[in-house]
Every structure is written in C-alpha cells, then in structure tokens.
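A structural walkthrough
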6 protein chains.
Amino acid sequence: MLDTYYNMRFFCGSSHPALCNEIAKYLGIEIGHLSLSQFSCGESFARLEESIRGKEAYVLQTATQNINDDLMQLFLIMDALKRSSAAAIHVVMPYFGYARQDKKSAPREPISARLISDLLSSIGFDRLITVDLHADQIQGFFSQPVDHLTALPIFAEYFSAKNLKNLVVVAPDAGRAKFAKKLADRLSADLAFMHKTRPEHNVAEITNIVGNVKNKTILLIDDMVDTAGSVTSGLETLKKYGCNDEIYLATTHPVFSGPASDRLAKAGFKEVIVTNTIDIPQKKRFNGLKILSMAPLLGETIKRIYEKRSISSLFL
Amino acid sequence: MLDTYYNMRFFCGSSHPALCNEIAKYLGIEIGHLSLSQFSCGESFARLEESIRGKEAYVLQTATQNINDDLMQLFLIMDALKRSSAAAIHVVMPYFGYARQDKKSAPREPISARLISDLLSSIGFDRLITVDLHADQIQGFFSQPVDHLTALPIFAEYFSAKNLKNLVVVAPDAGRAKFAKKLADRLSADLAFMHKTRPEHNVAEITNIVGNVKNKTILLIDDMVDTAGSVTSGLETLKKYGCNDEIYLATTHPVFSGPASDRLAKAGFKEVIVTNTIDIPQKKRFNGLKILSMAPLLGETIKRIYEKRSISSLFL
Amino acid sequence: MLDTYYNMRFFCGSSHPALCNEIAKYLGIEIGHLSLSQFSCGESFARLEESIRGKEAYVLQTATQNINDDLMQLFLIMDALKRSSAAAIHVVMPYFGYARQDKKSAPREPISARLISDLLSSIGFDRLITVDLHADQIQGFFSQPVDHLTALPIFAEYFSAKNLKNLVVVAPDAGRAKFAKKLADRLSADLAFMHKTRPEHNVAEITNIVGNVKNKTILLIDDMVDTAGSVTSGLETLKKYGCNDEIYLATTHPVFSGPASDRLAKAGFKEVIVTNTIDIPQKKRFNGLKILSMAPLLGETIKRIYEKRSISSLFL
Amino acid sequence: MLDTYYNMRFFCGSSHPALCNEIAKYLGIEIGHLSLSQFSCGESFARLEESIRGKEAYVLQTATQNINDDLMQLFLIMDALKRSSAAAIHVVMPYFGYARQDKKSAPREPISARLISDLLSSIGFDRLITVDLHADQIQGFFSQPVDHLTALPIFAEYFSAKNLKNLVVVAPDAGRAKFAKKLADRLSADLAFMHKTRPEHNVAEITNIVGNVKNKTILLIDDMVDTAGSVTSGLETLKKYGCNDEIYLATTHPVFSGPASDRLAKAGFKEVIVTNTIDIPQKKRFNGLKILSMAPLLGETIKRIYEKRSISSLFL
Amino acid sequence: MLDTYYNMRFFCGSSHPALCNEIAKYLGIEIGHLSLSQFSCGESFARLEESIRGKEAYVLQTATQNINDDLMQLFLIMDALKRSSAAAIHVVMPYFGYARQDKKSAPREPISARLISDLLSSIGFDRLITVDLHADQIQGFFSQPVDHLTALPIFAEYFSAKNLKNLVVVAPDAGRAKFAKKLADRLSADLAFMHKTRPEHNVAEITNIVGNVKNKTILLIDDMVDTAGSVTSGLETLKKYGCNDEIYLATTHPVFSGPASDRLAKAGFKEVIVTNTIDIPQKKRFNGLKILSMAPLLGETIKRIYEKRSISSLFL
Amino acid sequence: MLDTYYNMRFFCGSSHPALCNEIAKYLGIEIGHLSLSQFSCGESFARLEESIRGKEAYVLQTATQNINDDLMQLFLIMDALKRSSAAAIHVVMPYFGYARQDKKSAPREPISARLISDLLSSIGFDRLITVDLHADQIQGFFSQPVDHLTALPIFAEYFSAKNLKNLVVVAPDAGRAKFAKKLADRLSADLAFMHKTRPEHNVAEITNIVGNVKNKTILLIDDMVDTAGSVTSGLETLKKYGCNDEIYLATTHPVFSGPASDRLAKAGFKEVIVTNTIDIPQKKRFNGLKILSMAPLLGETIKRIYEKRSISSLFL
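What counts and how
- Residues numbered from 1 in each chain as written.
- Chains lettered and ligands numbered in written order.
- Predicted model: local features only at pLDDT ≥ 70, side-chain atom pairs only at ≥ 80, totals over all residues.
- Heavy atoms only, no water.
- Helix = DSSP H or I, 4+ residues; strand = E, 2+ residues; numbered from the N terminus.
- Rg over C-alpha atoms; globule rule 2.2 N^0.38 Å.
- Buried < 20%, exposed > 50% of the residue type's maximum accessible area, 1.4 Å probe, protein only.
- Contact = heavy atoms within 4.5 Å.
- Areas by Shrake-Rupley, 256 points an atom, 1.4 Å probe, with all protein chains shown as cover.
- Lys, Arg positive; Asp, Glu negative; His and termini not counted.
- Charge placed at Lys NZ, Arg CZ, Asp CG, Glu CD.
- Least-squares fit on C-alpha atoms with pLDDT ≥ 70 in both.
- Phe/Tyr/Trp six-rings, centres within 6.5 Å; stacked < 30°, edge-to-face > 60°.
- Polar contact = N/O pair within 3.5 Å; in protein donor to acceptor, adjacent residues only side chain to side chain.
- Salt bridge = Lys/Arg side-chain N within 4 Å of Asp/Glu carboxyl O.
- Arc of directions from axis to C-beta.
- Nonpolar A, V, L, I, M, F, W, Y, C, P; charged D, E, K, R; others polar.
- Pairing = 2+ DSSP bridges.
- Axes fitted to C-alpha atoms, helices over the stretch in contact; angles between N-to-C directions.

**Some words on the overall build of chain A**
Scanning chain A for helices and strands turns up eight helices and 14 strands. What you see for chain A is a C-alpha radius of gyration of 21 Å, in line with the 20 Å of a compact globule of 316 residues. Each of the 316 residues in chain A was classed as buried or not, and the buried ones make up 64%. Looking at chain A alone, contacts between residues at least 24 apart form 63% of all its contacts between residues at least 6 apart. Total accessible area on chain A stands at roughly 11000 Å², and carbon and sulfur atoms take up 47% of it. In chain A, which carries 37 positive and 34 negative side-chain charges, the distance between the mean positions of the two groups comes to 2 Å.

Put into structure tokens, the structure is as follows:
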C-alpha cells in the first residue's frame, strides 16, 4: 500500500492530530516523522525526522484558538521542507483562519487574509487545500492554485438520510444565502434567510425572515460559528416565526470560542452538526453535538492531487 | 496656481477626455502632454511629450467598451512613465473593469480582477484610485494602497436636495443591500431589497421585496448597470408591489452595454442618475438621464494625495 | 495515438483556429476544451472545460488586428491554467506583436515588446515559442527560454522547388540584410539590398540597390509586411534598376493592415508568399498570394519540447 | 517640538508599552494612535486611528514569551501601514526573537531567523533597528539596511561609574568572547572566558576558565539570558576558581523564561544588570536586578534616522 | 558650492580615476570616500568611509580589460551603499561591457548583456547612466530607467571646428549606418557605409562602399573599437576607392584590446578621435590619438538628474 | 552506465578540470560539452555544445585566485543553461569564495557572501552543493536548499589509518573550536585550541593554548588556509608549549595565496593535509603536502541528489 504513495509524505502540525490520523488511515499511509516543540521562551521549533528529498510534502495545519502559534509552526515546517529539498509543498488548512478580515471594513485596517497569503508565499508553497472559505474572493488573494473543498455534500448526505419532512434551509443573513441555497438544492428543500432591516426610519432594526418557515423543520446553516451569538438569537427569531421544534444547526467550522459551547448547549437546537475541520476539545462538547468527518474528503483530495486527477469532479 | 502642483503631472488615457478636463479644471492645472495613437495593425502607442523626471504622475484611464484597448494603452503609458524616471505612478481608474470576475464561480475559471492587479503590478505603480469597486475584497488583490472612493455622498447630496417624501432605497439583490443601506442612512430613508426565492420547492423562482414599498417613492441603486436587464425587471416588480410612480434609479458606473440605453429609456424611471466614471456617448443618452460629476471628488482626492493629507476624512 | 501525448493538452485562443486545427492534426491530438467569449460590455472571458491538473499546457495565440483583445484573452487563459494546477504553461505565439517597439526611438517612449514580456511573466509561464522575431535582441527581454523558430527553411524549400534561374534575394533595407542572406545562402542565390541614402548633401534621399539586380529574378524578403508601403515602392525601384519581370515577395508575417492587400494585389508581384503565422481573411486574399503552412514546424516543435528533444537540430 | 517630527509617527505594538513611553518622551512626541485587540477566537487585530499618508512610520515590537502573537500583531500593523500609504516603515525590534536558530544545527531544521526576515520582507519594510543580535551574520539574512545597536556603551558607562578594582570581564563560552572583549576594552578591564573541554579522552567534560580570575571582581556578560542555567552554573565555576565575592552579571536581553528568575535570585550575584529590550513583569523581578534603559539610545537612533544622520558615530 | 549638492555623494570604482576627477571638478564636489582593495586570495573588497544615510549615491564604474573585477567591485560598492541606507543608487557605467552579446547568435548561448542587467537588479539600483550602447534594444533589458547618452554632439563639435571640406561620414558596416547618419546630419556632411557582399554566387565576398568617397575627406565612425581589425581593413578599402589622404577615425569606446594600438598607430589615420569612457593607459597611446572628454556631459547629466531636470533636452 | 544518468548532465567551469574529471569518473559519465573562452577585451564567454532540454544540469565551479572571473563564467554558464531549458540547475561550488565577509565587521561594509547568494539567485538555480562553509549561518543567506558537505570524515579516515598516539586536535582560534571538536570526536582524540588574550590589562596580547599539548602529537585544523600566517605562528606557539615534533596541519580549502606555500614549506609541519576543493598548481606544492580527494564524496552527493536519496545519511 505504501508503494502507491512512494513519492509523497504527509506531515502534521500540532493543531489537529485526530484529523491527521484519520486522513492517514484513509490513505493507508504513515504520518511523516516530525519533531515539534515550543521552548520555554515561547519560540516554536520543528525538525523533519526523515528525508523528504525529491518527495511531495503535504502539511496539515488548521487554525485553532492559538492561531498565531499554529501559523508560525506551519511556517517553520515549510521552511524546513524547503531547505530539505521537498519537490513540492502542499498546504492543507481545513479551516483558514483570519478569513473574516478579507477587506477593509474601516479605513486603515489590514487585510489579514491577504497577509496570510503573502506570508505563506514568502516561504514558497505549491497549493492550498482548504474548506469553505468565508468569501470566495479569498481565492484571488493567492497566486497559487487553491483547491477549495466544501462540506456541503457531507451535510447533504447526512440530512438526506434523515428524510426530514417540510425542511427549510435557513441562512443567518443575506450574505450566506448563496451558501444555504446550494444545500437546499441538494436536499430538494425550501430556502429562507434572515436579515436585519428597519421597516420604517427611526424604528428599531428587526430581524425578518424571507421565505416561509411556519410549521417547518429548520436547518440553519453557516460557514463558521464563532461565539454563537447570531445563530442562537436566530433560533429565537425562527421560533417567533412559528417554525416547528425541530431546529438543526449545521456549520463547517466549529470555532466555538468564548461562550459558544454554553450558548449552543442551552439554545434548544435538536442537533448541532459540525465537521472536524477544527478539533473540539472534550470540555466544549455538549449534548446534541454531532461531528461529521472531513477526513475522507480531504484524504481523497490528497490522493487525487498526488495522482493528478480532477478534484472538481468530486463535487459534481 | 501651477506652482502649487509643481512636482506633479496629470496624464489622461483616451478613455474619458471630458472627465480629465473637468479634473484638471478643478485642480487648476494643465493636462500632461501625451501622444496617443493606434496603428492600422491594431497596436497601441503612447509617448510622453514632456519631461516627467522626478515628478509624481497621475494617470487617468477608465474602463470602456474597449476595455482591452484601454488597459493596454494604460500599460504603455505606465511603461513610458517608468522609463522616463517618474517619481511615482498613481493610477486613477474611476471604473475598474473586470471587477465582476472576482472569484471562480465555476471550476477552472480565471480570477480576472486579480489578473488586472498582477498586470499593473508587473509594470509597477504606487497607488490605485478607484470608485465603488464591485466587491470590497478586490482591495485585497492589491499589495499597493488603494484609495477606494464612493459616489454615495454625491447621490446623497443630490437626493437630499429633492427633499423627497416617503423615500425607500431599494437594492436589486441581497448582495447589494449593504451598499443601499449606506445611502439610506445618509438620506434618513427606509431600506428595502429585492431577492429571488422559491417559496416552495418545485415552484417557479419569484422576486420578493423585503421591506415596505407600497405607495413609496423608490430609489433603486446599484454599483453598476450593464445591460440594464435586472434593474428594468426590478422596476416591474416594484410597481407590482404598489410603489408610487416616482421611481429613481441611481448607479455609479453607467456601463450601458448592448440594449441598456433602450431599456432604460422605455422602462418608466422618473430619473436615471449616474456618475461620469464612464463616458456616455451622446447616442446612448436618453430623456431622464442625469449625470453627476465625480470630477470634484477625484480632483480633491488627487490634491490630498499630492499634499499627503487624509482621504478617508473626505467621506466622514 | 493520444496515449503518446497523455500528459499534455493543446489549447487555442480565438486568434487563429485554422492553424490550431492543422497543428492538432499534425500531432494527432484533439484540441483542449476551452470556452471563450466576449461580453457585451467588452470584457473577455475564458474557462477551461476539462481538467489540466498536472498536465503540460500549450496555448496558441497569435497577434491579429485585435492584438489587445488577443493578448487579454491569452492572459485570462493563462490565469485559468495556473489556477487549475497546470504543470507547465508553454505560450505559442507564432507572430509576436508589438515587436517593432523594441527600443526607445525617441525620448519617453515605452518599450512595448519588453512590456509584453513583463505582462506574460506576471502571470507565469515556462516558455515562449515564436517565429521570426523582429529583432533577435527581443529574446533578451525574457527570462524564460524562448524557442525562436524561423520560416526560412520553408521559404527555401518552396523556392528550391521552383528552380529559378538568376535569382537574387533582396532585403528591403540594410537592417533586414542578415535575414535575407540566410535565405540566399540556402538557395545558393545572390544577395542584394536596398537602402536609402543621400549621395550629396542637400540632394533628395534616393533608394539605392546594393548588388546586381539587372535582368535578375527577384525574391524580395522581409520578416513582416504591414501596410505594404515599403515593399511596393521597393518593387518600383527594382524595376527601375532593370530586374526582370519575375519579382517574388516572401514574408513570414502577413500583417496586411490598412491598404496592404490592395497595394499588393496591384503592385505586380508574380507571387506573394507568406506563412500562416497570421490568419488572412478571405476578403484580404488576392491573386498571386500563396500561403505556406507553419503548422508542421510548430507541431514538430511542440512534439520535441514535450519529448525533451533538441529544437535547434530542426534548423541545421 | 512636534513640528520637528512633523513627517513621522511612532507606533507601538503591545509587547512593551513602558519602553515605548520612554522613547516617546525622549523624542518629545506622542505615540501614534493604534487600536490593538485579540478576538476570543485567538485572531489578532490592528487598526490605525490616524492618517499616516506620506509619513514615515516607526513601529516598535519586541519579542516576549508570546513571540508568535507579537510577530503576527507586528505583521498586521505593518500591513495596515502599507495599505494606508505610509512613506516608509521602520521596524524597531529591540530583541530579535528566533535569533538562536540562525543555522541548521542538524539536518532538516528550519533557519528560523531567516524565516522571520522573509516574513517581514513579504509585507515590505525599509529598515530594521535592533540591539545585540545573537550572531552578526543575521544582518546578512536581510536585504534591507539593519541598524544594529549595542548595549555595550550603556554597560560600560554603568560599570565605569562603579570604579571597580581588579575587574575581569568573563564570557560564558568561547563564542561570546568577542562580545566580552569589546566591553573589557571599554572598561580597561581584563578578559577571561569559560569553555567546556575534555582534558583527556574518556574523561568527563569540565568547565575551564581561560584567563586569571583569582581574587578578581567578576563581570559575567552574555547577549541574552534565557533559562539562566549556564550563567548560574558559570558562577559556581568562577567561585571554584577563587574569584572574590563581587560577581556581576550583565546581559542585554533578559528573556528570563521558566526558572530563570528563581535561579538568578538565589545564585549569589551581587547585581544582575540588564537592559529593557524586554519588559520584565513585576513578579519576575528580584533583589539585585538592575534595569538600564535602552530608550535614550533607541530614541536617539530614531531621531538620527529621521534626520538622515549617521548612527555608527553614536558608537565611536 | 558643496551646499548645492548637499544630498548626494559621488563614488568611484577603481576603473577610471581620471574621469572621476574630471566629473567631480565639473560639479565642484569632492569624490566620496571609499576604501577599495583586492586581497591576495583574489577577492575584492569595498568599504564606505563616510555616512551615506538618506543621500543619493552616484557610482561610476566603467568596463576595462578586467571587466569581471570591475563588475564585482561595483556590486560590492552597491551592496555597501544599500546596507548603509543610501536613498538611491545611480550607476554610471560610461562603457557598458558585455554589450555585444545581446542576443543568441547560436543556440545555447547566454545573453550576457541581459545577465549584467539581472545581476545589477538583484542588488537593487535606481538608474543606469551610460553612453552609446552597442544596440538600442539593450535599454529593454532593464526595468529601471536608463539615461542613454551619446558622444555624437562631442564629435560633431570637434569636427565642426575643423571646418573640413568634402567630408563624408562612413560607417564600417550597414548595422552602424544609423549611428553614422546622425553625425553626418549634425555636420551637414555626406554619408557612406561599407558592407560586405558577394556580387555573384561563388565569388569571394568583397567590401563595397555605398555612397561616394572619391577624393573625399573621410570620417570613419563606430561605437567601439576593440582589436581594430575591421576599421584598419576598412581604411584600406576606402583608399582603394580613391578617398583623399585625410582619413579620421572616431569611436566612442576605445576598448583597444590586443593588437589594437599597434594597428591604429600604423594604419595611416590622420587622427583617431576617441572619448574617455575607457581609460587608455599611456603605453597604448600613439601619435594622432585625440581623446575628447565625456566628463562635462556626464557631469551635467548627474547634475540634472540630481535637480530632476530633463536629460533629453541636452541632446536637442 | 550512461543510461543510469540519462536525465542529467555534468558541466564544468574552467576553475578545476582535475576535480571534474575525477567526479565524472566516479559517476561513470562523460563531462558535458561546453565552450569556454575569454576574449582579448577581457569578457568571458560560454556556450553549451549539446542539448540540455529537460535535463538536470550540475555545474561545478570552485573559487580560485581569479574568483571574479570564476563567478562571472559560472553566471554565464547558468544563463545559457536557463535559456536552453534545463530542468534544474545544481551549482557545485566546493570552495565557496567571499565566505569570510559574512557580516559587517565595521560600518558600511558589504556582506559579500550574501551578495554572491543574491547574484546566483537572480539567474536562478535549484541547489547549492558546497563543502565546509566558513560559517554555518551562510546557509541562511540562501532561500534554496544547500547541501553542505564536510571534509571531516575524509580527514578522520586518513588519520585513523595512521593510528597516531597521544593525538590532540587543535583549533587555531576559539571560533574554530567546534569544527576541531567534531574531528576530535571522530578520532577519539583530545581537543585543544589557541586563543589570543591579555592576561592583565596593559600587558601584550599573548597566544594561550587551552587544553594539554605537552608531549602530544598535534593535528592543527582549520576550514581554510589563505596566507598561512596564523597557522605557522600557531605552530611556533605549539612548540613553545612543548608538543612533540609530530605536528600535522589539516585544512579543507587550500587557498594558499601570497606567501602561503613558502611559509608552509618551511614551517616544520610533518604533513600538511588538504583536500582538492581548490586546485593547487604544481609550483605551489611542497614536500609534505598531501592532497585528499573530495571527488568521491562530491560524486556520491550528485548521485544521491539525482536519485533523490538522503545526503545527511552520508555523514552519520
């Protein structure tokens, strides 16, 4: 089995060992040997413990709560790979952090997502593999090819199996409507979205729901859930609009920072379905949380890249 | 007066002489001397007819129907400026073409807006000055500073003067809602937007209007109007929803390609208000078209850049 | 047959479908699937309709009367190829436009040929394949390898077969003498060239002919013919110097802009021999025009590049 | 006073506010307005709160225990400065972290110090101002000018004032001998250094002292003290060799990680003299710790850079 | 006088001290202090002996017989300038060596002139000032501005003063005709050129002269004279064609390698007029050699660049 | 045998033909065909005499007394390789010249070693193979992989075979101690080093020896010997300290410039062991000089790079 992947090695930063193991298992390969440490002075360190000369390297590092450490560790691994004559460096970043700062919302801000692209490029890499970027335009921040995967087929498969009646896929705001629509189409479900507006001037902003949710089963969907403030208040609105009690929440990236787990645990969702692009520590897990694995999709993507076969055909 | 601008020169590509003249007048300067031509074999040519050594150059070129010729001419002017020892090259592109192809909508597409950024960068320039980019993320396609102006204050001033009653600012789709909201806030007007949805599965897609337009005066707004298909069909929907007869259309970039002028002339708008980021030839003009000038804003921006003063304070 | 070229794909811009088909036929391959269009607003668009992941891409685009559109379309195809993980991008540009502006003839001009090189490089490509560059120095404008082909063997073969007596190869000016000499040597023909001089000061410039053309059969040769002004006036001079009635004109690149076809049709050449580096529309063709195909040479070059074999040995 | 520095602004990352304040005071200027924050998801953020257009920016960020956060924050500030049209970006990094990984000590390691240089360069900056780099060669990792300051004159002044008799400056290992020698020369003191050797093969490594320390007052010096292991064991050796009880330790960079403070507090140094290139939190301070300020030197350096005057003459 | 040039410094490599002194004298400035040496192991070395911080540096280095040493020394000076915070680096290379290898004359050759441009660019510089490049296209090898001076006005002035009758300016081959023509026009002289041709096939190549030289005074002109083979044989031909005894040779760059001086001394020229772009050692000088100084032109060019005034107007 | 190396070619600059031949013999391959010359005007020239299209090129050039010529020739070969479509360029520089100028020892010096890296990078190459760099940090001057070989195993093998009793490996100064220690460990020998110090202030600097050399056999070792001043004076010191008469000197790079050979011949070393990273001309050789070949190690390294196998395992 290893012979099939003779010319590649798969390395893993310290951000998500569980996902790495799953992908390695999917591919039937061993994870590349890598020493990772952090000195007491705070500096990160990385050393390859095997020859990578002339081989293609895939490096997985996702963004966690310690995103700056994750990034610096990734940079150090990439530098070591480059200096050790890797034939190619493929960066696998299931959750691409700093993605929300993809434009200047106010004058004199950085464009952090472009900055990450520039930092990665300064070391040199050949491809980014990532999942559900916050904005499609982020692909244009890169000069390198980006294999942009989506968790939508995984969500679709999961909900299809449930065979839910009267399902409406709901986006939490207008900007996410397109993302929700893709899932609704796959599930042959109806579509709705929430948006905040002011029906008359000087009247308080209220949350509207476009589309019919009355007595419907709800699948609220977003690309990421950070502090969970907007999705839990969205649930309130949906109830107010008379949806039935089955409210599902699906999100690709469970950032779950600050009060997120608490809020979600108490909010009253029937299920919260996420993927494992980010590892959720045991203490942040709660009843009703369901984690679907991206490992088969990421593994298959790596396999096809290695074999120089189409990725887009995976998503037809 | 010229002494004030001793160390700069303002050059103009052939895409919009009227706007150039207005800006030059605003600044009280002469336009830089430049020979432009196109040979019978189709090749463009440019030659500076004065010394630019050590001076800051501002070059205005907007995108027209001949966008590829406009771009190549701009590139040639920039190359000539660089080789003639200009101290800085500031590109003024009121309408930034190719902006809608800012992401891959389908696999294996180019990201044209990023490509334009790369082409400009390969020659070398110091700043882009542009108006109402189709997506804010396009700023992140550049490593150079982008002075991103907006026509909204100009529209706001124009409509404030009309003192319209019961005004609702309407965005033609959800993606433009944020743009519309900024104008609504400036006008203390209500906000609404249209969106296409499918109320039930297997039912034809219909256009909804979010917000109340009944018996209201309408200001439909978009960043650009290309063939005018969606805004004219939007007008039909608005009428169906019972708005009153005063329907205004405002758009920053009057691309007006193909049937646009015909459609707009016949659609029944009370006024169609545009800016002059793109020149509208006489034969494309129609009754009810009102062109507001960006020249004072662009001129003031150039002035402030030259004097190293804040641009963002222009938009407070 | 396709198996031989398993790892490459040949794409064609819209500038010269006939040449593309011939080359594909020579190689025994299908042309790569590519959607090309131009929107009503003037913007070009390109989308690959098949996977290019890990394959070598060859893209043919020559310069036509719409050279700026040709170039932008080429850039978009290249951007799509890069973002779709092509292993290499080989640009095939049989006629390299903007080649005559290869230096500053006057102060403050661009060097357009270098600019084209910079624009191509900003996207990224691996090699240029081109034919009879206007100046050999243009190769030095590139950092990438340039496979610089010549049509001279094709012309030599064509004229050898005619077995013409008393043949003199004539260059239209001193700068082209070297190009003409290479052909003369292959044909064992005599050489001459025209040049303008002023025999005494304050006497009008006249065209001289260096070498003996009296009662000779003439083969006038140039790398390109644009408006055909100089070659038709050259023909007059040759007649005045007493050459016989058989005057042939051979040129690699039939730019044929403006009055060229008319002039050539009426000038009195026995034959005008060109190659198909540029497509000549039916209405520009005339009696006596003979088009020799570069397809076998270009096809063989692509084949050898793909097989990593020497190109220069093709021209021994 | 502010008029003098009309064309520059001094910004401070969050790593060392006290030093920033001191420098600002030295220069008689206000610190630039900058919003810094870290979101609950771990992402850093920075926004300039004033116009920097056309001004020179100096940004101070030193390396602390949270070096990866410090670096990412610095990168974001730099990106914001670049996009806000700063005329120049001068990075002031009193302690340059990751400096010890300046070579591959074993195969397949990164060269972290070069990596930091590459990351900084990818954003763009004009100069690095830093103090006592771990190896002089690190200057060669940069293409930009490096103003490399040293704390030695400050130490020299401090010890000269003490007028110590029988002083020997001691380096903790051979590699630091040159650094120690420069101080010894300034103090007209004797020089010694420690080194580990194996007097005979198969005999345990012992620490030797080169030079005479018997009954001498000792000034042990190093560029940085991290966990303080080697300097405290060095003190033991010095005592064994019969130095007198007055043992001083001087170090430019008080990294003081892990057990450092404890060790130093108990080791028996008469004084531990450090500079404030790194902030030492109150709980890490101990009796006998003396902090000398680099602020006047850094301030004077900034002043001279701004005034385009020589820095090296500061150290004559 | 020094105040005028407060913000610049003029440095000189070791290739041509006499020219440097003349230029410094023209400008009324002192030459910048620079230590230059070559170690016994063959390595070159350079150190600036004064502060260049924030100043514009002009560095003069011409190509001599030791061109590789000249270039490496220039690179080292440039590196020192860059690292010492020079505001700009202007390279003054009166004779640009390696210029003849400006294209591939045969397969698999380097393009040396482009290589030199790449090497200079890798260090970074702002402008090249040079005289009479071998081919105008070499300007296109640079992305930086090139101030391309010519010695023609100096030759014109020199010969005008002689008031020669019946003067013909002669180019040694067709490629140089354009260069000769510019001088002929300035002198209101006739023009001729030599070229080698083969009047009939299988007949030996002979040198023709185009234009009338019979009983004329001759001014043979070339951009450079290397071994002097072609100009001395050219003189024989001119005599054969019956020119009178007054034959002048003018050349910008007196490379004078190998047998050049001997040949020229004996050839029978009335005068050999050269410029001092290259220093001619005393032992290579001969009777009839006349050296015209480029110092005023180079000095005036530096002056105007410093003052940001037009250079091209110098040559009207 | 050639089939094994089908896809690579080994080219040799003119600096060290003997080493090239040995390596070629080791690999069982022919040396690539290359025309090298130097024109009488001093310019270097190189032309490949065979196709390198798609092949990996290895180019050997070491630094000699004519290091500037060596470097320029190398650059020209690399440029020719790049333009001839080599798949990769591996630079083999056994002795990396300019390595001692790896930092600024005084203000306003160049960092020559970094400069060489920049010049090489501007042409483009894929890897540097070199031996015993003067400082390990020089690897960080490169962005490309550096295969850094060492002669230590060769010295170890040579001296092991001698089976010397009471051997001490001695470094000539503290900076070289680490290099000497590696050899001492391989030979199970004792270690010592010399250093200059001033035991009391105002007393003349004397050379100390750390470690016991009394009655010992000495192996003095350094990475390079240039003028041999320090090693011959070191020998005097060693004798003064009572070592026995057997004093060996080993050095990787026999630069041997100026008086080196004379000094070494007369100094009284029992043997001077060097490698052939630099060719020693016959007239510089002397009794007791022993040259060990690096060819097998360099050949094996090339072999393993070509076969994409580990190099570090060569040195375990």
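**A few points about the relation of the copies chain E and chain B**
Least-squares fitting of chain E to chain B yields an RMSD of 0.1 Å, with the transformation described by 0.0 Å of translation along the axis and a rotation of 120°. Both copies of the chain, as the preceding transformation shows, are related through a three-fold rotation axis. By C-alpha distance to the rotation axis, the residue of chain E lying nearest is A87 of chain E, at 7.5 Å.

**Describing the packing of aromatic side chains**
Residue and element names in this part refer to chain F. Tallied over the entire structure, the rule returns 45 aromatic pairs over all chains. For the pair Y158 and F159, a centre-to-centre distance of 5.2 Å together with 90° between the ring planes defines the contact as edge-to-face. Judged by relative accessible area, which is 17%, Y158 ranks as buried. Given a relative accessible area of 2%, F159 falls into the buried group.

**Description of the environment of R176 of chain E**
Residue and element names in this part refer to chain E. Structurally, the position occupied by R176 is in the loop between β8 (167-171) and α5 (177-187). Distance from R176 to D226, taken between C-alpha atoms, is 15 Å for residues 50 residues apart in sequence. Look past the residues within four positions of R176 in its chain and what remains in contact with it is H134, A171, D222 and D223. A polar atom in the side chain of R176 sits 3.0 Å from the backbone oxygen of H134. A polar atom in the side chain of R176 sits 3.4 Å from the side chain of D223.

**Observations concerning the pattern of salt bridges**
Oppositely charged side chains can form a pair if their charged atoms are brought close together. Evaluation of the coordinates by the stated rule reveals 97 salt bridges over all chains. Measuring nitrogen to oxygen at the nearest pair gives 3.0 Å for the salt bridge that ties R127 of chain D to D147 of chain D. Note that R127 of chain D is positioned in strand β6 (residues 127-131) and D147 of chain D in strand β7 (residues 146-149), a separation of 20 residues in sequence. In this structure, R127 of chain D and D147 of chain D share a single accessibility class: buried. K82 of chain E is the partner of D79 of chain E in a salt bridge, and the nearest nitrogen-oxygen pair spans 3.8 Å. Here K82 of chain E and D79 of chain E lie together in helix α2 (residues 67-83), a separation of three residues that amounts to about one turn. Under the relative-accessibility criterion, D79 of chain E is labelled buried at 0%. Salt bridges linked by common partners bring R47 and E49 of chain A together with E109 of chain D together as one network.

**Concerning helix α5 (residues 177-187) of chain D**
Buried residues of α5 of chain D: A177, F179, A180, L183, A184 and L187 of chain D, and no others. On an axial view of α5 of chain D, the arc spanned by its buried residues comes to 160°, and they lie on one face.

**Quick notes on the relation of the copies chain D and chain A**
Least-squares fitting of chain D to chain A yields an RMSD of 0.0 Å, with the transformation described by 0.0 Å of translation along the axis and a rotation of 180°. The superposition of one copy onto the other is thereby described by a two-fold rotation axis. Taken as a fraction of all interface residues of chain D, those also at the interface in chain A reach 100%, which identifies the copy contact as same-surface.

**Some words on the interface of chain E and chain B**
Contacts between chain E and chain B engage 14 residues on the former and six residues on the latter. In this structure, the connection of chain E to chain B is made through one salt bridge. Across the pair R53 of chain B and D147 of chain E runs a salt bridge, and its minimum N-O distance is 2.6 Å. A per-class count over the side of chain E that touches chain B returns four nonpolar, five polar and five charged.

**Regarding the arrangement of the chains**
Contact between chain A and chain E is absent, and the minimum C-alpha spacing across the pair is 17 Å. There is a gap between chain B and chain F: no contact, and a shortest C-alpha distance of 17 Å.

**Side note on the sheet that holds strand β7 (residues 146-149) of chain B**
All names here are of chain B. Taken in spatial order, the five strands make up an open sheet running β1-β4-β5-β6-β7, and their pairing is parallel. The two strands at the open ends of the sheet, each matched to only one other strand, are β1 (8-12) and β7. When the angles between neighbouring strand axes are averaged without regard to direction, this sheet yields 15°. With respect to the sheet, helix α8 (residues 295-306) is in contact with β1, β4 (56-60), β5 (88-93), β6 (127-131) and β7, its orientation differing from that of β6 by roughly 155°.

**Thoughts on the side chain of D226 of chain F**
Take D226 of chain F: it is sitting in the loop between β11 (217-225) and α6 (229-240). In this structure the side chain of D226 of chain F is engaged in a polar contact, spanning 2.5 Å, whose partner is the side chain of S257 of chain F.

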